[in-house]
Amino acid sequence: MINTKSGIDWIIEKLRNDQSPNGSWGYPFETGISTDAYMIILLRSLELDDEDLIQGLAKRIFSKQEENGAWKLFYDERNGNLTATVEAYYALVYSGYFPKNDERLIAAKRFILANGGIEEVGMFTKVMLALTGQYKWPSYSPLPIELILLPLHFPINFYSFSVFGRANLTPILILADKKFTIKTDKSPDLSDLQLNRESEGEWDRSEDYRSLYSFMKDGVESLLGLPNQLHQLALERSKKYMLEHLEPDGTFYSYYSSTFLMIFALLSLGYKKTDPVITTAVEGITAMKCDIDGYPHMQYTTAHVWNTSLISFCLQSAGVASDDPMVKKANQYLMEKQHRKFGDWVIHNSKTMPGGWGFSDINTINPDVDDTTASLRSISRMMPPETQAWDRGITWVLSMQNDDGGWPAFEKNTNSKLLQFLPIEKGEFIIADPSCADLTGRTLEFFGRYTNLSRDHTSIKKGIHWLLRNQERDGSWYGRWGICYLYGTWAAITGLSAAGLSIHHASIEKAVKWILEKQNKDGGWGESCYSDSKKTFVPLPASTLTHTAWALDALISVSEKPTTAIKRGMTYLLDNLEKFDWTTQYPKGQGMAGTFYVHYHSYRYIFPLAALANYQKKFD
């Protein structure tokens, strides 16, 4: 007999104690040391002497250094990560508190040079190095800035990119066009980290890209106007785009990277360091700081809406009444966060009113499908249901379905095949927003379990067909926003079964078999961050609470009785709920394969609670 009650009660009490006064849960959205390093570099570049913050961030960065001098993105990343190590090294030297002959920095430099030097870092880091005077801008702009002027009917245009792509590329296009650099008296000299000085001029220029670049150039030349006028107009349009997409806190789309880049882009356009737009943007990203283990960490964004919608829904699934003060406050918070403004999503979805939810508490113009269905799940039990908010949310989600039948995150039909030829590293993650199994599965699960939408509804049938078409040969599904195949397979199985597919359907049986094959000897499951870049399941050398909960929830949803595998998984979960080690700190979310991983501090409570509650409802 599995006793789920004690585990459920423990998590509920933990969540009750951690809720903020405004009803949300502000668990950290932790993304390694990149943002911490960039904050030191930003403050020094702007000559803002926030020494307490700089010293605190430096201490956090050093606390994450490995014995060989490198920094890693995740526990099992073999020797370390070159890009993260260069960013950490640069920030620590620029802080002014550590000389280059500090033993820890000598070890970092040794690792950097042994792994190809500064030339081998990622594209975004090269941009940061170039704009702060540590690397040469390429002799050409990665994209013609006039791209922003191309009409929507042109095969590739500004709105062919995802919103995340536009947010980051807009300031980069300005900076690359201006070849802007800013140095200060405290700027270090990183030239000793370069192995090949000649390689700076060309960053990446394949034959395929050259022809695409020419194609875009031809499109630009077909516009009416003189080249100089068009160029100036493109710069103005780019600046206007940034300023028109500021959130109330002054950040550009509430993302750290795009705000960081925007600040430098505005400087390149003649803004003073003291301009209110720049000082407010700095205040905005500084306000996203959180505390982890006694150190400050600069969050890439905040995750309040995501945390709160998932937690509130799971609490209700576990038997906490919808009129319990904890749930009432959470749902009231979510109701206030439903979007009322139009965002860029309307470009490809022009006949729908706002009604989605965004990811962070800052967000007012960038809703996404996953946060919207999660928030709708949470408010679905409100008495009486808030009809207007409910209807607007459902209408918005339905309208966001891609033409291929799947659901994207932020914008529909932004997955042009032409984008793959652009010289943008990790382009599939940065500039495209394709249909994916995790979002499509979770959306189907929401419609199937929480609405009265008919299973014969065209949207549901198209979603099912998309999932069936995109199942991997081994029976799994790739999850775009989590790690990774366990995440996608859990979402697909629960979505398909909620949408009416028989648990004996060949696709589900194949997926269940795949999950069972991945179970560890201790009864749990674990998956490495390597899965997303290798595009195949890579096991983690240990089980984790979150991966185990995803696998269990999938199996519970399609099992008629508690199988041996389920019982073993539940035992692992209940025995390890209070565990705190590297497995509980391991990233379970991703933004960019091989580059950007997220440790959601809330997941260790959310998904075990969901699995325990679903087991209890079905089998106890």
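Reading the values: rules and limits
Residues numbered from 1 in each chain as written. Predicted model: local features only at pLDDT ≥ 70, side-chain atom pairs only at ≥ 80, totals over all residues. Heavy atoms only, no water. Axes fitted to C-alpha atoms, helices over the stretch in contact; angles between N-to-C directions. Helix = DSSP H or I, 4+ residues; strand = E, 2+ residues; numbered from the N terminus. Parallel < 35°, antiparallel > 145°, perpendicular 65-115°, else oblique. Left-handed = near helix turned anticlockwise from the far one by under 90°. Contact = heavy atoms within 4.5 Å. Nonpolar A, V, L, I, M, F, W, Y, C, P; charged D, E, K, R; others polar. Salt bridge = Lys/Arg side-chain N within 4 Å of Asp/Glu carboxyl O. Buried < 20%, exposed > 50% of the residue type's maximum accessible area, 1.4 Å probe, protein only. Phe/Tyr/Trp six-rings, centres within 6.5 Å; stacked < 30°, edge-to-face > 60°. Lys NZ or Arg CZ within 6 Å of the ring centre and 35° of its normal.

A. Fine view of the packing of helix 19 (residues 485–498) against helix 22 (residues 545–557). In the contact formed by helix 19 and helix 22, the axes pass within 9 Å of each other and the chain directions differ by 25°. In terms of their interaxial angle, helix 19 and helix 22 are classed as roughly parallel. Note that helix 19 runs across helix 22; the crossing there is left-handed. Every residue of helix 22 that contacts helix 19 at L486, Y487, W490, I493, T494 and S497 is listed here: H547, W550, A551, D553, A554 and S557. Classifying every residue of the contact of helix 19 with helix 22 gives 7 nonpolar, 4 polar and 1 charged.

B. Inspection of the pattern of salt bridges at higher detail. Taken as a whole, this structure holds 21 salt bridges when the rule is applied. With its nearest N and O atoms 3.1 Å apart, the salt bridge here joins D102 to R104. The exposure class of R104 is partly exposed, given its relative accessible area of 36%. Two residues, E244 and K240, come together in a salt bridge whose shortest N-O distance is 2.9 Å.

C. Up close: unusual backbone geometry. With an omega of -15°, the peptide bond running from I483 to C484 counts as cis. Locating C484 in the fold gives a position in the loop between helix 18 (458–469) and helix 19. Of note in the backbone geometry, D293 takes a positive phi value of approximately 55° without being a glycine. You can see D293 is positioned in the loop between strand 2 (289–292) and strand 3 (295–298). Given a relative accessible area of 55%, D293 falls into the exposed group. Positive phi, close to 55°, is recorded for K535, a residue that is not glycine. Looking at the secondary structure, you find K535 in the loop between helix 21 (530–534) and strand 5 (539–544).

D. Inspection of the packing of aromatic side chains at higher detail. Applying the stated criterion to the full structure yields 43 aromatic pairs. With a centroid separation of 5.5 Å and 65° between ring planes, the pair formed by Y478 and Y485 is classed as edge-to-face. Assigned by exposure class, Y478 and Y485 land together as buried. Taken together through their ring pairs, the aromatic side chains of F29, W306, F359, Y487, W490, W550, Y600, Y603 and F607 make up a single cluster. When the ring centre of Y530 is taken as origin, the NZ or CZ atom of R78, which lies over that ring, is 4.5 Å away. The ring of F62 carries the charged tip of R104 above its face, separated from the ring centre by 3.7 Å.

E. How the structure looks around the packing of helix 15 (residues 387–399) against helix 17 (residues 437–450). Two elements in contact, helix 15 and helix 17, have axes whose closest approach is 12 Å; the angle formed by their N-to-C orientations is 140°. As judged from the angle between their axes, helix 15 and helix 17 are oblique. In this structure, helix 15 meets helix 17 at a crossing whose hand is left-handed. When helix 15 is examined against helix 17, the residues W390, I394, V397 and L398 are found in contact with a partner set consisting of T443, F446, F447 and Y450. Each residue belonging to the contact of helix 15 with helix 17 can be placed in one class, and the counts come to 7 nonpolar, 1 polar and no charged.

That's the geometry; what it means functionally is another story.
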